Amino acid sequence: MAPRELVEIEDAREIVLRRSAALESERVAITPAALGRVTAEDVMAAEAVPGFDNSAMDGYAVRSEDARSCPVTLSVVGESRAGTPAAAGVAPGQAIAISTGAMMPSGADAVVAVEDTRGLVELLAPAEPGQNVRRAGEDQVAGARVLARGSTLGAAELGVLAAAGRAEVLCARRPRVSLLVSGDELLQPGEPMRPGGVRDTSSVTVSALARAAGGEVVQAAVVRDQPQATREALAQAIAGADVTVVCGGVSVGAHDHVRGALAELGAEQLFWGLALKPGRPTWFGMAGAALVFGLPGNPVSAMVTFTLLVGPAIRGLQGAVQTVARASAILDVDYAKPPGRAHALRCRLTAREDGWHAQPTGPQGSHVLSSMLGADALAVIPTGSRGARAGERVALELLPRWLGAPV
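First things first, this report covers the structure right here in the doc. Keep in mind that what you see is a predicted model, and the values were worked out from it rather than measured.

1. Regarding the overall build of the protein
- When helices and strands are counted, the protein shows 6 helices and 29 strands.
- Relative to the 2.2 N^0.38 estimate, which gives 22 Å for 407 residues, the radius of gyration of the protein is 30 Å and therefore markedly larger than a compact globule would have.
- In terms of principal-axis extent, the alpha carbons of the protein reach across some 95 × 50 × 40 Å.
- Per-residue burial over the protein gives 47% buried out of 407 residues.
- Within the protein, contacts between residues at least 6 apart in sequence are counted, and of these 71% link residues at least 24 apart.
- When the accessible area of the protein is evaluated, it comes to approximately 18,800 Å², of which 53% is carbon and sulfur surface.
- Distance between charge centroids for the protein: 7 Å, based on 37 positive and 42 negative side chains.

2. Looking at the packing of helix H1 (residues 9-18) against helix H6 (residues 299-317)
- Orientation of H1 relative to H6, taken along the N-to-C sense of each, is 20°, at an axis distance of 9 Å. Looking at the two axes, H1 sits roughly parallel to H6. Handedness of the H1/H6 crossing: right-handed. Here Ile-9, Ala-12, Arg-13, Val-16 and Leu-17 of H1 lie close against H6, whose contacting residues are Leu-308, Leu-309, Pro-312 and Ala-313.
- Grouping the amino acids of the contact of H1 with H6 by side-chain chemistry returns 8 nonpolar, no polar and 1 charged.

3. Digging into the sheet that holds strand S18 (residues 243-247)
- Pairing is mixed in the open sheet, where 6 strands are placed in the order S17-S14-S18-S22-S21-S19. At either margin of the open sheet sits one strand with a lone partner, and together these are strand S17 (216-223) and strand S19 (268-272). Sheet twist, expressed as the average angle between the axes of neighbouring strands with direction ignored, equals 15°.
- When strand S14 (residues 176-182) meets S17, the two strands line up parallel, connected through 7 bridges. Each bridged residue has a counterpart across the sheet, and for Val-177 the counterpart in S17 is Val-217.
- Strands S14, S17 and S18 of the sheet are contacted by helix H3 (residues 202-212), whose axis makes an angle of about 160° with S14.

4. Here's the deal with the packing of aromatic side chains
- Within the structure shown, the criterion is met by 2 aromatic pairs.
- Plain terms: the ring middles of Phe-271 and Phe-284 are 5.7 Å apart, the flat faces sit at 35° to each other, and that makes the pair tilted. Residue Phe-271 is located in strand S19, and its partner Phe-284 is located in strand S21 (residues 283-287); the two are separated by 13 residues in the primary sequence. Neither Phe-271 nor Phe-284 differs from the other in exposure class; each is buried.

5. A few points about H3
- Where burial is concerned, most of H3 is hidden: 8 out of the 11 residues are buried.
- Here H3 has its buried residues at Ser-202, Ser-203, Thr-205, Val-206, Ser-207, Leu-209, Ala-210 and Ala-212.
- On its buried face, H3 sits against S14, S17, S18 and H6.
- Phi turns positive one or two residues past the end of H3, at Gly-214, with a value near 110°.

6. Topic: helix H4 (residues 227-239)
- End to end, H4 covers 18 Å across 13 residues, agreeing with the expected 18 Å (1.5 Å per residue, within 8%).
- Inspection of H4 places Thr-230, Ala-233, Leu-234, Ala-237 and Ile-238 among the buried residues, and these make up the whole buried set. Buried residues of H4 fall within an arc of 125° about the axis and therefore sit on the same side. Of the residues in H4, the exposed ones pointing more than 90 degrees away from the buried face are Gln-236 and Ala-239.
- Of the surrounding elements, those touching the buried residues of H4 are S14, S17, S18, helix H5 (258-264), S21 and strand S22 (290-295).

7. Structural notes on the pairing of strand S26 (residues 355-360)
- Two strands pair when backbone bridges link them, and strand S23 (residues 326-331) and S26 are joined in this way by 2 bridges, in the parallel orientation. Of the residues in S26, the one forming a bridge with Leu-331 is Ala-358.
- Relative to S26, strand S25 (residues 342-352) runs antiparallel, the two being bridged by 6 bridges. By the bridge assignment for S26, Cys-347 is matched with Pro-360.
- Between S25 and S26, which pair antiparallel and follow one another directly, the connecting turn spans 2 residues.

8. Some remarks on the sheet that holds strand S9 (residues 117-118)
- In space, the 3 strands of this open sheet follow the order S5-S10-S9, with antiparallel pairing throughout. What marks the edges here is a single partner per strand, and that holds for strand S5 (72-73) and S9.
- Both S5 and strand S10 (residues 122-123) contribute to a ladder of 2 bridges, which runs antiparallel. When the sheet's bridge partners are listed, Val-72 is paired in S10 with Leu-123.

About the thresholds
Residues numbered from 1 in each chain as written. Predicted model: local features only at pLDDT ≥ 70, side-chain atom pairs only at ≥ 80, totals over all residues. Heavy atoms only, no water. Helix = DSSP H or I, 4+ residues; strand = E, 2+ residues; numbered from the N terminus. Rg over C-alpha atoms; globule rule 2.2 N^0.38 Å. Buried < 20%, exposed > 50% of the residue type's maximum accessible area, 1.4 Å probe, protein only. Contact = heavy atoms within 4.5 Å. Areas by Shrake-Rupley, 256 points an atom, 1.4 Å probe, with all protein chains shown as cover. Lys, Arg positive; Asp, Glu negative; His and termini not counted. Charge placed at Lys NZ, Arg CZ, Asp CG, Glu CD. Axes fitted to C-alpha atoms, helices over the stretch in contact; angles between N-to-C directions. Parallel < 35°, antiparallel > 145°, perpendicular 65-115°, else oblique. Left-handed = near helix turned anticlockwise from the far one by under 90°. Nonpolar A, V, L, I, M, F, W, Y, C, P; charged D, E, K, R; others polar. Pairing = 2+ DSSP bridges. Phe/Tyr/Trp six-rings, centres within 6.5 Å; stacked < 30°, edge-to-face > 60°. Expected span 1.5 Å × (residues − 1). Arc of directions from axis to C-beta.

Below you can see the structure in the form of structure tokens.
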């Protein structure tokens, strides 16, 4: 077979994202269940936040002109509590006890902290206009945009939406993801070991990655290395999903049937083969409107290529703003490689006086799944290079927040 041209990972990601347009939208309630969803609209504040001038601390609401010369004694004429404003305002020579977050009474323009008072009530420190006062609209102005379309809903975003008076928000629906793992050797957890057997890890790791990226995993199944079984399993998986991911069976071996089955099903191949280690035999194409990924069977290769390609596609189908978190660090060890493919080293990062340092997580074989443990980033050693020396600065692609995050 003639050698095929390998695709650089950046070019591959661009091809994938061009095919990952946002799906249709739905209304989502502002509850913790919305964590990880992606907004399909600009969100405007329905009301000012805070909705009224309020106190930044426990103390006394006063007229600052009454507190210019201290110590001075004022008459306490009422109380303003959170949720229960004072019944009357502040007149000259008066003060109102006030709690943190409570509405400022009329006439008062400052709050003296309780620590700066004595008795009922002697001010020990002067007050300036606006002191310890949170102004209405200081956080959000009514009608102003508080979240842009394509924002991912984290805890802070959900809190901002709740504060803005929103009960629900328009979000792209979660993509349906089907997963097939190919291999006669695969054994499930708890199944007795047999000669030549290998535990199926990709059903677990890739399903978890899909869910963490925001996908709804509708199927995760093992398919044996047989042409007809592969074709039937793929047809079923593609029919019920927006994204189908197959781990294994995409290379050139006698028992690799995925590419042939996809061709028989009429899938369009957009690329096959990455200039990347691990991840060379990766396949991507379309079956109608569905995205189809053929990932390598080795567990690390599957995780790395999912992280670099499939995860961004799932995020793209939700309309998420796509950014690649890049940085650089000093490599702490020598690393040699032949030219021809970029290498993605799983690395831990540590901060030192001279900046970030990258240390490989251990042996980097594509079968060494433990190399993903504690990995903060992929140190990308370029395709044309012969490696990097200890002390050399290398490019990093930081592993995304969703890599191990619960959704």
